[in-house]
Each structure stands twice: as C-alpha cells, then as structure tokens.
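Examining the three-dimensional arrangement
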Amino acid sequence: GKLVIATHNAGKLKEIAKLLEPYGLDCISAGSLGLPEPPETGTTFVENALIKARAAAEASGLPALADDSGLSVAALDGRPGVYTADWAERQFFEGEPGRDWYMAMGKVEGMLQAKGPDVSRECWFSCVLALAWPDGEHVVYEGRADGTLTWPPRGTMGFGYDPVFVPVGREQTFAELDPEEKHAISHRADAFAKLKADQFGA
Ligand code: ITT
C-alpha cells in the first residue's frame, strides 16, 4: 500500500525509507506531494508527531507516518528536546532562513561549558513515530538512544546533531558510524522496532 512520509527533513526521510525497505510499501514524501508543513505547536514529541501525521493523512487521504525527534541534555534539564530543530534556525542568529547545525551544536556545547568543567555530558536522542489514517485512527511509538556529547563535532555521515553524539558503548559519533551501524542502535531504529512488531508482526 501507499504511505506518506510526513517529513521535510531529507536526513530523516533517507533513514525512514531505509528502515521501511523490507516491507514493500510505496513510500511518498510529503515534499513530493507538496503538502504544507503544519506549525509544530505541541510541547511534547508525541504531540508534534501526531500534528504532522494527522495533517498529512487528512491532506493526502492516505496513511501517513511522521517522526518527531530531538536531543536532550541531562545537565540542561532536557533541553533542547522538542526545540532541537528550532535551535538551528538561522533567523534567530542571522535573520536568514534555513538551519545551521554547526551553530546549533555550538550553542548546546556553550551552554554545557558554562556549567563548569565537571558537568555531566550525558544526553539522549528521542524519536516518536506517529502513524495516522485518514479516518482519524492513529498510533505512536517511542524510541530512545543514550549517549554523551562530545566536542568538537566529528564525522560526515548522518544528519543534524550526529557529529556530537557518542552512543553508549561506542567511541565513534553517530556521524562516524556507517548508516547500518547507526540503524542498529538509534532512537529511530528503537521506535521502528516497536512499530514493526505492532504493525507488521515482525
Ligand atoms: P520534520 O518536522 O519535517 O520531520 P524537522 O527536522 O523539523 O523535520 P523535528 O522537528 O522532529 O524535525 O526536529 C528534530 C531535530 O532533531 C532534527 O532536525 C535533527 O536536528 C535532530 N535529530 C533528530 N534525529 C536525529 C538523528 O538521528 N541524528 C541527528 N540529529 C537528529
């Protein structure tokens, strides 16, 4: 069947398409359908994932899958969390449209360093996947990956904050790991495992 992938983030789209590959679905991106990006007015990953999935299902008349995700730093009381993408918005810094991930990673690092040399570098990525149908039915699945923040950023693979995230048990950042290795341990893979078990019985 057809499934709309309700994201405008190319990095996420690539990972979701890869994770869904074994299921023979006809995946269509929200961008290619010209679907608008609804304002993410929720205060939780679950709320924002549902906003995106429901808007895409309603607008397209097809089932839709959305991903709301972010990085939470323990010593920053879980920030940036649901505001992870917002912290990269250039307009807050330079008055231009678009996102600058290096600047966003630097902002997180600067806030952490301001807490002193012994501050905890513990952090985690969260991913909530929401699946919505045009009739209003919906389900959500939550995933998490724990790690530590490193500085300076390392690696060129992945997207977003991957160059500063070192998953527990590894020395490389997510951006230094092959996509297959990231998919074995990521927050997105964790949420996908739950979705697959529930929806495909896999
Ligand atoms: P859509 O809403 O269109 O899906 P977005 O980028 O705005 O795209 P979010 O609001 O969920 O998505 O923001 C999540 C941000 O968290 C994302 O832009 C990344 O910077 C970061 N992030 C999420 N998953 C990540 C991952 O696997 N690796 C690195 N950064 C990630």
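The structure under discussion appears in the preceding block.
Residue positions are given per chain, counted from 1 along the sequence in the order it is written. Reporting of local features is limited, given that this is a predicted model, to residues whose pLDDT is at least 70; pairs of side-chain atoms are given and counted only at 80 or more, and all residues count toward the totals for whole chains, interfaces and linings. The basis for the side-chain values is all heavy atoms of the structure; hydrogens and waters are excluded.

1. Details of the packing of aromatic side chains
Aromatic pairs are defined between Phe, Tyr and Trp rings, using the six-membered ring for Trp, whenever the two ring centres lie within 6.5 Å; interplanar angles under 30 degrees are classed as stacked, those over 60 as edge-to-face, and all others as tilted. Tallying each qualifying case throughout the model produces 6 aromatic pairs. For the pair tryptophan 101 and tyrosine 161, a centre-to-centre distance of 5.6 Å together with 65° between the ring planes defines the contact as edge-to-face. On the criterion of sequence distance, the pair formed by tryptophan 101 in helix α3 (residues 101–113) and tyrosine 161 in the loop between β5 (138–149) and β6 (165–167) is long-range, its members being 60 residues apart. Residue tryptophan 101 is classed as partly exposed on the basis of its relative accessible area of 24%. By the ring-pair criterion, three or more aromatic residues cluster together here, those being Phe125, Phe165 and Phe174. Sitting over the ring of tryptophan 87, lysine 107 keeps its end group 4.2 Å from the ring centre. Only DSSP runs of H or I covering at least 4 residues are called helices, and only runs of E covering at least 2 are called strands; the numbering of each starts at the N terminus. Partly exposed describes any residue whose relative accessible area lies between the buried limit of under 20% and the exposed limit of over 50%, with all areas from a 1.4 Å probe on protein chains only and scaled to the type maximum. Placement of a charge over a ring requires the Lys NZ or Arg CZ to be within 6 Å of the ring centre, with the centre-to-atom vector within 35 degrees of the ring normal.

2. Digging into the site of the ligand
Whether a residue is near a molecule or strand depends on its heavy atoms: if one lies within 4 Å, it is near. Around the ligand there are 22 residues in total, and Thr7, Lys12, Lys52, Asp162 and Lys182 lie nearest to it. Contacts described as polar in this section are N or O atom pairs within 3.5 Å, which, within protein, must combine one atom able to donate a hydrogen with one able to accept it, while residues neighboring in sequence count only if both atoms come from side chains. Side-chain polar atom of threonine 7 to an oxygen atom of the ligand: 2.6 Å apart, as the coordinates give it. Residue exposure ignores everything except the shown protein chains as possible cover, and the areas themselves are Shrake-Rupley values with a 1.4 Å probe. Taken by itself the ligand offers 610 Å² of open surface, and the protein chains cover 98% of this. Given that more than half its atoms are within 2 Å of the pocket grid, the ligand belongs to the largest pocket. At the level of elements, β3 (64–73) and α5 (187–199) are the ones that each hand at least two residues to the shell around the ligand. By residue number, the principal contributor to the shell around the ligand is β3, which donates 4 residues. Looking at the shell around the ligand, its residues break down into 5 nonpolar, 8 polar and 9 charged. A 1.4 Å probe that fits into a set of points on a 1 Å grid over the protein atoms alone but cannot get out defines a cavity; an open set with protein on both sides within 12 Å along at least five of seven lines defines a pocket, and lining residues are those with an atom within 4 Å of a point. If over half the atoms of a molecule are within 2 Å of the grid points of a cavity or pocket, the molecule is regarded as sitting in it. Each residue receives one of three labels: charged for Asp, Glu, Lys and Arg, nonpolar for Ala, Val, Leu, Ile, Met, Phe, Trp, Tyr, Cys and Pro, and polar for the others, Gly being one of them.

3. Here's the deal with the layout of surface pockets
In this structure, the largest pocket encloses a volume near 780 Å³. Sorting the residues of the lining of the largest pocket by element identifies α2 (45–60), β3 and α5 as the ones contributing at least two each. Residue composition of the lining of the largest pocket, grouped by class: 17 nonpolar, 11 polar and 12 charged. Grid points are joined across faces, edges and corners, and a volume is the space filled by probe spheres set on the points. One number sums up the size of the second largest pocket: a volume of about 240 Å³. Residue lining of the second largest pocket: 13 residues in total, with Lys14, Glu15, Gly158, Pro179 and His183 positioned closest to the centre. Within the residue set of the lining of the second largest pocket, elements represented by two or more residues are α1 (10–20) and α4 (179–185). Considering every element that reaches the lining of the second largest pocket, the biggest residue donor is α1, with 4 residues.

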